[in-house]
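# Coordinate analysis (summary)
Residue strings, one per chain:
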Amino acid sequence: MKSYITTPIYYINGDPHIGHANTTIMADIIRRGREFYGMDTYLQTGCDEHGQKNADMARQLDMNNADYADMRSASFADLFNRLDIGYTNFARTSSLHHACCVQDFAMALYRRGAIVKKPYTGLYCRGCEQFRLSSDLRDDQCPDHPSLKIETIEEINYFLRLEPYRQELIEWVEGHPDFIQPETYRSELLEMLRQPLEDMCISRPKTRVSLGIELPFDSDYVAYVWFDALINYISQHDAGAQIPGWWPNVEHFIGKDIIKPHGVYWPIMLMALGVEPPAKLTVHGMLVGPGGLKMSKTAGNGINPDDVIGTVGVDGLRYYLAKNIRPYGGDTQVSMDMIVQTYNADLANKIGNLITRTAGLIKRRFGNVIPDLNGSMSSDEFNMLKDVRKAAGTWWDKPVNLHDIPGIIEQLIKSADQANRYIADKAPWKIDNDDQAGHVCRVTLSAAILIMIGLIPVMPNIKHVLEKIGAKTPMPCISPSVFNLVKENHILDETIVPFKKVVI
Ligand code: MSP
């Protein structure tokens, strides 16, 4: 079974911010989860290096386009490496094979008669690098880029006709309930498809946009940046050829801001060539700052992922974002205070505390040798472990979707509460009998191990804590026998460092 997962390719007109980190982390969590389920995964992320915004920024820094693109793409790749994103491929639209694929794609559409040349006057947003309809605007401004002025632009361009495919696309969306998730964004897409579709402009005259891929049928034009960028999802595999087993078995992770290019333009670009649309668009809302404004480079209200990493670590950031996925869509408010609060409440006070007190007791009383069970478990103990095993085992039981993640996390945190209550109630430090005290430690430690196993896709570094506990990770732990969680030597490492409270 194969799972091909993509993130958007990000504009390089600034440094990566937490919004870019967010989508890429989501995609990586799902990739890791699908691997636990036994799927063969391919995760692609990357950078969108053409278009006027990027060219303008290179000029501002007095750099040539190629050096500028190398520098910025490297900073995205570097951040994603530090965020433990296990990507298979980092796509760059400046690569030669991508340019060839875009040209082949455009030529194939042109030969099929799907492209027309005509004059067009429209409202243009430089932030989106798109013509917008007046109905898209709020107070005459682009809702995503309220600080930029909408311009009226008139020019002759090449267009892909979308309207002939509208009905086919509606039927596709209606016939594939999973095509776009969650439901709220599916309704949004169907709403967009209710009106006749304007043709998609696929070119920019070189006189206005210098940085792009030349159209193969007219050297005065480059491909419009969105037409070029969407093709990255196939160009990286083998310049437009069929991708055995990977296409159309693809899941595009996107923010709600780019539903139209992915839900309308991209499927129609493919349909127009007789290629099946992607299997799935997984859409999330925006991370918003105070006042509900989308965090972006243009608005200048983004949080620097490095500041977050410096305060709560990579896993702390991944955890916050995963916990705050809105399963039914909608935006997520984020601030450094909220991230630290969540870290302290869940990771330090609940999970960290559970590990520290259990490991501390095992150290003091049993010389770090993990004690065995003393006879069989009570039904309460058994049920507690059964619940946590069930939550952790979700990754193994089914291909997890983005919207399942907050539920899994919630259940694991409930289990941490339950295990903390269990050890507090049993108070093994007050029990004289070593076997009985050891039993409580062993049950608590088993719960802690299962909780951490369930968090591995979200927080891959938790594996290091598990190693110090001597846990067998990851697959065999989810055997029905929850007591085979620790390795044969049963020795705790002295240097377990779980999550410690952060003060800012
Ligand atoms: N280059 C295009 C995408 C082309 S894909 C074929 C683009 N780039 S972008 O840099 O603007 O990235 C947009 C995406 O980044 C969003 O759809 C979302 O996935 C992520 N985010 C950017 N800002 C975000 C927030 N404030 N909040 C959450 N995600 C955000 O559009």
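Report follows, based on the coordinates. Keep in mind that what you see is a predicted model, and the values were worked out from it rather than measured.

We now examine the pairing of strand S11 (residues 218-223). Judged from the 3 bridges that link them, strand S9 (residues 203-205) and S11 form a sheet pairing that is antiparallel. The residue bridging Arg204 from the neighbouring strand is Val222, located in S11. Hairpin geometry of strand S10 (residues 214-215) and S11 is characterised by an intervening segment of 2 residues between the two adjacent antiparallel strands.

This part takes up the packing of aromatic side chains. Enumeration over the complete set of coordinates arrives at 18 aromatic pairs. Consider the rings of Trp247 and Trp266, whose centres lie 6.0 Å apart with planes at 75°: the pair is edge-to-face. Taken together, the residues span a long stretch of sequence, with Trp247 in the loop between helix H8 (232-238) and strand S12 (250-255) and Trp266 in helix H9 (residues 259-271) at a distance of 19 residues. The exposure classification of Trp247 matches that of Trp266, with both residues buried. Through a chain of ring-to-ring contacts, three or more aromatic side chains come together here, namely Phe105, Phe227, Tyr233, Trp247 and Trp266. Note that Lys118 overlies the ring of Phe159, its terminal NZ or CZ placed 4.8 Å from the centroid. Just above the ring of Tyr124 sits the side chain of Arg208; from NZ or CZ to the centre is 4.9 Å.

To continue, consider the layout of surface pockets. By volume, the second largest pocket is sized at about 290 Å³. Looking at which element gives the most residues to the lining of the second largest pocket, the answer is helix H2 (residues 52-60), with 5 residues. For the lining of the second largest pocket, a count of residues per class yields 4 nonpolar, 5 polar and 6 charged.

On to the environment of Ile202, then. Checked against the element boundaries, Ile202 lands in the loop between strand S8 (200-201) and S9. Between the alpha carbons of Ile202 and Asn157 there is a distance of 7.5 Å; along the sequence they are 45 residues apart.

On to the sheet that holds strand S3 (residues 89-92). Strand order in the open sheet formed by 6 strands is S3-S2-S1-S12-S13-S7, with parallel pairing between adjacent strands. Each having just a single partner strand, S3 and strand S7 (180-181) make up the two edges of the open sheet. As judged from the 3 bridges shared by strand S1 (residues 2-11) and S12, these two strands associate in the parallel manner. Looking at S12, one finds that Thr6 is bridged to His252. Strands in contact with helix H1 (residues 18-36) are S1, strand S2 (40-48), S12 and strand S13 (280-284); relative to S1, the strand with the most contacts, it is inclined by about 170°.

Okay, the sheet that holds S8 next. The antiparallel open sheet is built from 4 strands, whose spatial order is S5-S4-S6-S8. Both outer strands of the open sheet, strand S5 (130-132) and S8, are each paired with one neighbouring strand and no more. In terms of strand pairing, strand S6 (residues 151-160) meets S8 through 2 bridges, oriented antiparallel. If you follow Phe159 over to S8, its bridge partner there is Cys201.

Turning our eyes to something else, we now look at the nonpolar core. Counting 95 residues, the largest nonpolar core has Leu83, Ile351 and Ile405 as its most contacted members. Among the elements that line this core, the one with the most residues is helix H15 (residues 434-455), at 13 residues. Not counting residues within four places of it along the chain, the set of residues in contact with Leu83 comprises Ala21, Ile25, Ile309, Val314, Leu317 and Arg318. In this structure, Val173, Leu193, Val225 and Leu230 belong to the second largest nonpolar core, which totals 58 residues.

The general pattern is negative phi for most residues beyond glycine and trans for most peptide bonds. The linkage connecting Gln181 with the following residue, Pro182, adopts the cis geometry, with an omega of -5°. Looking at the element boundaries, Pro182 is found in the loop between S7 and helix H6 (183-192). A positive phi is found at Asn368, a non-glycine position, where the angle reads about 70°. Of note, Asn368 is situated in the loop between helix H11 (336-366) and helix H12 (379-392). Its identity as a non-glycine residue notwithstanding, Ala427 has a phi of 40°, on the positive side.

The largest bend along H11 measures about 40° and falls at Gly352. One or two positions beyond H11, positive phi appears at Gly367, with a value near 55°.

Rules and cut-offs
- Residues numbered from 1 in each chain as written.
- Predicted model: local features only at pLDDT ≥ 70, side-chain atom pairs only at ≥ 80, totals over all residues.
- Heavy atoms only, no water.
- Pairing = 2+ DSSP bridges.
- Helix = DSSP H or I, 4+ residues; strand = E, 2+ residues; numbered from the N terminus.
- Phe/Tyr/Trp six-rings, centres within 6.5 Å; stacked < 30°, edge-to-face > 60°.
- Buried < 20%, exposed > 50% of the residue type's maximum accessible area, 1.4 Å probe, protein only.
- Lys NZ or Arg CZ within 6 Å of the ring centre and 35° of its normal.
- 1 Å grid on protein atoms, 1.4 Å probe; cavity = no way out; pocket = protein on both sides within 12 Å on 5 of 7 lines; lining within 4 Å.
- Points joined across faces, edges and corners; volume = space filled by probe spheres on them.
- Nonpolar A, V, L, I, M, F, W, Y, C, P; charged D, E, K, R; others polar.
- Contact = heavy atoms within 4.5 Å.
- Axes fitted to C-alpha atoms, helices over the stretch in contact; angles between N-to-C directions.
- Core = buried A, V, L, I, M, F, W, Y, C linked by side-chain atoms within 4.5 Å.
- Bend = angle between axes of the 7 residues up to and from the residue.

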